[in-house]
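Listed below are the residues making up each chain.
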Amino acid sequence: MKVRTPIIDFVRAYSDSNALRMHMPGHKGGCFLGIENMDITEISGADNLYSPSGIIAESEEIAASLFGSAKTAYSTEGSSHVIRAMLYLTKVYAEREGKNKLILAARNAHKTFITAAAILDIDVAWLTPGDTASYLSCPIKSVESLRDEIAKYKPAALYLTTPDYLGGIQNLSGIKEICKQEGVLLLCDNAHGAYLRFLSPSMHPLDFGCDMCADSGHKTLPVLTPGAYFHMGKDIKPYLLDMQKTALSLFGTTSPSYLILESLDMANAYIADGYSERLGQFALFLDEEKEKLRESGISLIGDEPLKWTVKPKPCGFTGFELAEKLKDEYNIVAEFCDSDFTVFMLSECMQRDWILKLSSALITVLKSGREPIIDSPPKLHIPKAGMKPSSVIYSAGEYLPVSMAQGRVLCEINVSCPPAVPIAVCGEIIDRETIEIFRYYGIDRVKVI
Ligand SMILES: Cc1ncc(COP(=O)(O)O)c(C=O)c1O
């Protein structure tokens, strides 16, 4: 299927017209990078990101139909921007419906969520982790336990981060029904999962009834950093739909990047032109390669086709060592590493040859006969809250060595190593167990009150 690309078409025509640019930006279409001709501002005909009625509105409507949302808005400032807007709309919803200004959230939340909740003065209650919860992932204990927690906290929204940084995907089946019965909005940080919509069957949160969703197009689709989508689900209240752009405008720049808008526009054409089929084939190929790795004794975790999370300790390497070796000896650069994992993010627009090189390098490095490293990451521990994050964020605090921080309140937004699940978030009291976990992850000083 072919779809229109109104934004890029407009900008190309403008660039070809060789107009004398008596408007921003200051590079006037030339200068250093060679792409300045395509970098414009909101001139006549270029529409307006926060009240679109022309080329941006049309492009966003195409994106909405591809993603199957009630409405999709673009952001040129990442899922971080969208998450702030989702939380603002949650507060609007709470005010209007007489709900608690509280969000029930799984602990693997990105720091933007914590910051936004603090700035907007929204309380956060953390879901009680299930037995399998660790610093790697935070699956919901059970649908029944979720019902109990919703009954206990009466939140305005449930907030889930899925997929997480290590490729774990939350099982969303049955969750929407509970949220709907209780009048709770289902919000998803799907920053790592824009492409999930195009798998067969779709694994995208919108297809599990999510009400609002943040997707970083730039993380898994060929979109410039940090192009993102703000999707609204089909069940969303009309007044929230109407306020979507207002919510984004509260937190966004008044000079959105047209380069990023153009790439979001081009991504529609890329998706419409057989992406789903190509992705399906690529995912099958990746599965086969993963199977080969497993057969040769390499451990991989995670549920996401486009993320390979290798657990190198059984082969005698830390995640840091593996990433360093791959960089130094094979010029392969991983997305992330910590002591336990090395993460690779893949995309359908990669050549298959790259994957074969990665598999073969992993086998050569990891099967070189080292003794296993026998230790495992600590179990998830959520410290007690001591102060409201909304008051903590205005304190200057002081840095202390971790060994002297016991009993003090964390004054940083979160201590976020590894990125999957924060060890402590602002307002929580640092206890002995937290200190041990900080040490495991090599954190030696923290900011406290
Ligand atoms: C789980 C998660 N959520 C949100 C974000 C923020 O996304 P963005 O970089 O598009 O602002 C990130 C960034 O890495 C992330 O890992």
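Please read these numbers as outputs of a predicted model, since none were measured by experiment.

Next up on the list: the site of the ligand. As a structural note, the neighbourhood of the ligand is formed by 13 residues, with S80, D189, H192, S216 and H218 the closest of them. One nitrogen or oxygen atom from the side chain of H218 is found 2.8 Å from an oxygen atom belonging to the ligand. One of the side-chain N or O atoms of K219 is found 2.8 Å from an oxygen atom in the ligand. Within the complex, 86% of the 390 Å² of free accessible area of the ligand lies under protein. Elements that contribute at least two residues to the shell around the ligand include exactly α3 (78-97) and α7 (217-220). Looking at the shell around the ligand residue by residue, the classes come out as three nonpolar, eight polar and two charged.

Note: strand β2 (residues 102-105) against strand β3 (residues 123-126), four bridges, orientation parallel. When the sheet's bridge partners are listed, L104 is paired in β3 with A125.

Bringing the sheet that holds strand β7 (residues 228-232) into the picture now. One open sheet accounts for seven strands, arranged β1-β7-β6-β5-β4-β2-β3; its pairing is mixed. Each of the sheet's edge strands pairs with one partner strand only, and the pair in question is β1 (71-75) and β3. Strand-to-strand twist in this sheet, taken as the mean axis angle between neighbours without regard to direction, amounts to 20°. Bridging between β1 and β7 involves five bridges; their strand directions are antiparallel. If you follow A73 over to β7, its bridge partner there is F230. Along the sheet, helix α10 (residues 258-272) makes contact with β1 and β7, crossing β1 at roughly 140°.

Criteria and thresholds
Residues numbered from 1 in each chain as written. Predicted model: local features only at pLDDT ≥ 70, side-chain atom pairs only at ≥ 80, totals over all residues. Heavy atoms only, no water. Near = heavy atom within 4 Å. Polar contact = N/O pair within 3.5 Å; in protein donor to acceptor, adjacent residues only side chain to side chain. Areas by Shrake-Rupley, 256 points an atom, 1.4 Å probe, with all protein chains shown as cover. Helix = DSSP H or I, 4+ residues; strand = E, 2+ residues; numbered from the N terminus. Nonpolar A, V, L, I, M, F, W, Y, C, P; charged D, E, K, R; others polar. Pairing = 2+ DSSP bridges. Axes fitted to C-alpha atoms, helices over the stretch in contact; angles between N-to-C directions. Contact = heavy atoms within 4.5 Å.

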